[in-house]
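# A look at the structure
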Amino acid sequence: MLNITASYAYPFFKWHSEDPKIKISLLTPEFLREGDKVFIVGKIKNTSNIELTGQTQLQITNYLSGTSVDGWFTNSFPVQYFTVPANDSVLVHFPIQVPYSFYNTVKSTLFIKYNQYTDSTATILPVYTNRAFIQQTLLYNFQQKNNYTANLDSLLQISNESISPIALAIGLNRIPYYAIQKRLKELISSNREQPIDKALQIVAGSLLNRKETFISSITTEKKQESQFSVTNLGHFDTIQKNIQHPLTDYYLRELRLLQQPNGSFYKDNNATTTLLNAKILYLLACSYSLNHHHHNIQQSITNLIQPGINGLNQQFSNPSATNTFTSLYCLFSKATFQFVTKFSNTDSLQLQFLKQKASNLSFHEQALLAVTLQQCNDTDVVFKTIIKRLITKTNFGETNTLTHAYILQLIQKNPALFSTNFINTYLQNISNNFLKSASVDRFSTVITGASLLSFAANNPFNITANINNTAFAFRENSIQEIPIQQLENSPVKMQLNLPTKSGNDWYGNFQWQYLQNVDNIPGKLTNQAIKISKKFFVKNPSKENIWETYQSKETLHIGDTVMIEIGVQSNHTITNCLLTDNFPSCIKIYRLASNIETHTNSGIYSGFQYKLNVTSTKQIIRYYGIITTPGQFSGGIATIQEDEEKMSYAAPTLIQVAEHK
């Protein structure tokens, strides 16, 4: 995969010369990591028949601003003299130490002067962190007031020397956006085997990957004089792009294995399984619409729905196997997936029968009937009568969460039938109920969450706020990055200018991103369910296929072959975790782990990302490299991520590479 010459292991080797008598080049690693002590090496080659003497100078500058950072990098011997014999070459070593909390790209320039002649060559080096990436979120509710004070003591730990702040952003919404996402993510990572659970996980995963219903991670743009100028500071943009297909495909395959020859997802044939089959088909129909950009996923869903409809028709035709609610839900599901099949005559007759007895149905059944009629574009007298009852009889203390979700779907499709005050009041109450109902069943969580996210995506508001006397503009369903220097003190005072027609209650979240030394990460931020380890091995050159464990600070040499081994184990099965490993800058990787989907991370780290399922059986991932650069280096942090705020870490090993063999 990567070619490394046997004669020289440095990854960069490019001659530069304006004079045919002498050639110069810079030998450096591909990147630098904070805290590393590195030798930047200049190679000078004399092609003439006489000895040459002269002077070299190394200069390190901020690549974006062009300003000198020699002092930051402890470039204490920037000027050195050289003598090169005829037709020979010499190396000139410049020791530097990469500062902490510096994540810009630098330009390393080697100047040379001999006799009356001058020349130079340069290399561009990104600087990466040696700390763990942490994200914390603080949720808040404005509770009917335009002024709000947020206490950020738990987040603003700038005085802690192990912490380097990166970004802080604030989101404002009329729904508990982040709380919904958190519950959906918890549902995805849960290990449940029932068919209904697989269908719920498919919808939850699809919802989280809809851009209009997903708060993306904080990113910063390159700024000319900004210390934190690296783009894509968060890990989670990568996850957002890459987690879609594996999750959806994984649960679709599992659900396919559970589907019976008759199309049912359960072996038993009774009223309970009929209702569960109807719910599964409804969830699949929701997933179909959520994946409108992924035709292969839609086809997989269609392949499940078509036999499922046949099985449901067989169960639905058995009067003893269905009650009024089950019949109603079967019709509701079939109305939702009419993109696959139209109503049969039996379905139409059954719907007319339910319309005739609408006044005798329960409040929940009436809401479900109204949504079914809405799907069929049947909005005659019965539909409007039900709407009037829903408006006048809604009691948030007694009505279950799922009923609210169906009513919210009615509001979205028929806003003209509801007053603005009713819509705002309804949105606030269903949001508050969602937050309070920690024990809400999984089906209600997904359907209610989907309804709320869909409403927010289709009805955005623009908001302005004054935060610590600075004005900021917000758009609902997005987050606004706040300059850290404006939030150095806690509490933070916010004054909102809310739209007059938006209602009174607003929800928000502070998302705080920072870098922290692994040894100082609080236990509450570490996922105790996953164990991760990282070890280094060195190949014994005198014994074939013998690898010896590397002990911290042992001396390695340029050209040594090393193996990095990462072990991962969990106390329960976790689907589609993301493992990020950050290798040391002194290594050139030449072979990666096989059979694992890999993504190169171009953010604040330099390493590889592996997507894998974590089980109770310890999994080992290995990759190999060659030592290329002298100095003292961090072995890099390994991180396993189940969720933004559920991560485990393996601390780096200190690696010592001798300047000479």
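Coordinates for the structure precede this section.
As the structure is a prediction and not an experimental result, all values here were calculated from the model.

## Observations regarding the overall build of the protein chain
Looking only at helices and strands, the protein chain has 13 helices and 29 strands in total. A total of 661 residues make up the protein chain; the buried ones form 56% of that total. Relative to all contacts within the protein chain whose residues are 6 or more apart in sequence, the contacts with residues 24 or more apart total 75%.

## Regarding the sheet that holds strand 8 (residues 117–128)
Strand order in this open sheet of five strands is 2-8-7-4-5, and the pairing throughout is mixed. Taken across any chain shown, the strands that pair with only one partner, and hence form the sheet edges, are strand 2 (32–33) and strand 5 (79–84). Inspection of the sheet shows strand 4 (residues 52–62) paired to strand 5 by six bridges, in the antiparallel sense. Pairing of Q57 across the sheet is with V79, part of strand 5.

## Topic: the environment of V106
For V106, the position within the fold is in strand 7 (residues 105–114). With 74 residues separating them along the chain, V106 and L32 place their C-alpha atoms 9.3 Å apart. Setting aside its immediate chain neighbours within four residues, V106 contacts L32, I60, T61, Y63, V69, F73, T123, I124, L125 and V127.

## Here we look at the packing of aromatic side chains
On inspection of all chains with the given rule, the structure shows 15 aromatic pairs. Measuring from centroid to centroid gives 4.6 Å for Y282 and F332, while their planes differ by 40 degrees, and the two rings are tilted. Taken together, the positions of Y282 in helix 5 (residues 271–290) and F332 in helix 7 (residues 324–336) put the pair 50 residues apart, joining distant regions of the chain. Neither residue differs from the other here; Y282 and F332 are each classed as buried. Here F332 and Y406 contribute two aromatic rings whose centre-to-centre distance is 5.6 Å and whose plane-to-plane angle is 75 degrees, an arrangement assigned as edge-to-face. Here the residue F332 occupies a position in helix 7, and Y406 occupies one in helix 11 (residues 401–413), the gap between them amounting to 74 residues. Above the face of the Y329 ring, K279 is positioned so that its terminal group lies 6.0 Å from the ring centre. Cation over ring: K279 sits above F443, and NZ or CZ is 4.6 Å from the ring centre.

## Brief notes about unusual backbone geometry
We note that N115 has phi near 50 degrees; this positive angle belongs to a residue other than glycine. A positive phi angle is found at N377, which is not glycine, with a value near 60 degrees. In this structure, N377 sits in the loop between helix 9 (363–375) and helix 10 (381–393).

## Some thoughts on helix 13 (residues 442–458)
Relative to the 24 Å expected for 17 residues at 1.5 Å per residue, helix 13 spans 24 Å between its end C-alpha atoms, a close match to the ideal helical length. For helix 13, every residue scored as buried is listed here: F443, S444, T445, V446, I447, T448, G449, S451, L452, L453, F455 and A456.

## A word on the sheet that holds strand 25 (residues 619–627)
Strand order in the open sheet made by the five strands is 18-17-20-25-22, with antiparallel pairing throughout. The open sheet has two edge strands, strand 18 (547–549) and strand 22 (587–591), and neither has a second partner. Pairwise comparison of adjacent strand axes, ignoring direction, gives a mean angle of 40 degrees for this sheet.

## As for the pairing of strand 25
Where strand 20 (residues 561–570) meets strand 25, eight bridges bridge the pair, whose relative direction is antiparallel. Note that in strand 25 the partner of T561 across the bridge is I626. Examined bridge by bridge, strand 22 and strand 25 share four bridges and lie antiparallel to one another. Considered in strand 25, the bridge of K588 is made with I626.

## Brief notes about the pattern of salt bridges
Taken as a whole and judged by the stated rule, the model has nine salt bridges. Residue E34 pairs with R131 through a salt bridge whose shortest N-O separation is 3.3 Å. Residue E34 is located in the loop between strand 2 and strand 3 (37–46), and its partner R131 is located in the loop between strand 8 and strand 9 (132–141); the two are separated by 97 residues in the primary sequence. Its relative accessible area of 4% is what places R131 among the buried residues. Residues R622 and E565 are paired through a salt bridge, measuring 2.9 Å at the closest nitrogen-oxygen approach. Separated by 57 residues along the polypeptide, R622 in strand 25 and E565 in strand 20 bring together distant segments of the chain. The network of salt bridges with common partners includes K355, D378 and D380.

## Concerning the nonpolar core
Looking at soluble globular proteins, one finds that nonpolar side chains tend to be buried together. Core analysis: the largest hydrophobic core is formed by 79 residues, its most contacted members being L283, L284, Y329, L369, Y406, I411 and F443. Discounting residues that sit within four places of it in the chain, F443 has contacts with I196, L200, K279, Y282, L283, Y329, L402 and Y406. In this structure, F102, V614, A638 and I640 belong to the second largest nonpolar core, which totals 59 residues.

## A few points about the packing of helix 2 (residues 195–208) against helix 13
Interaxial distance between helix 2 and helix 13 falls to 10 Å at its minimum, and their mutual angle equals 20 degrees. As judged from the angle between their axes, helix 2 and helix 13 are roughly parallel. In terms of crossing hand, the pair formed by helix 2 and helix 13 is left-handed. Contact residues: helix 2 offers I196, D197, L200, V203 and L207, while helix 13 offers R442, F443, V446, A450 and L453. Here the contact of helix 2 with helix 13 is built from residues that sort into eight nonpolar, no polar and two charged.

Analysis parameters
Residues numbered from 1 in each chain as written. Predicted model: local features only at pLDDT ≥ 70, side-chain atom pairs only at ≥ 80, totals over all residues. Heavy atoms only, no water. Helix = DSSP H or I, 4+ residues; strand = E, 2+ residues; numbered from the N terminus. Buried < 20%, exposed > 50% of the residue type's maximum accessible area, 1.4 Å probe, protein only. Contact = heavy atoms within 4.5 Å. Pairing = 2+ DSSP bridges. Phe/Tyr/Trp six-rings, centres within 6.5 Å; stacked < 30°, edge-to-face > 60°. Lys NZ or Arg CZ within 6 Å of the ring centre and 35° of its normal. Expected span 1.5 Å × (residues − 1). Axes fitted to C-alpha atoms, helices over the stretch in contact; angles between N-to-C directions. Salt bridge = Lys/Arg side-chain N within 4 Å of Asp/Glu carboxyl O. Core = buried A, V, L, I, M, F, W, Y, C linked by side-chain atoms within 4.5 Å. Parallel < 35°, antiparallel > 145°, perpendicular 65-115°, else oblique. Left-handed = near helix turned anticlockwise from the far one by under 90°. Nonpolar A, V, L, I, M, F, W, Y, C, P; charged D, E, K, R; others polar.

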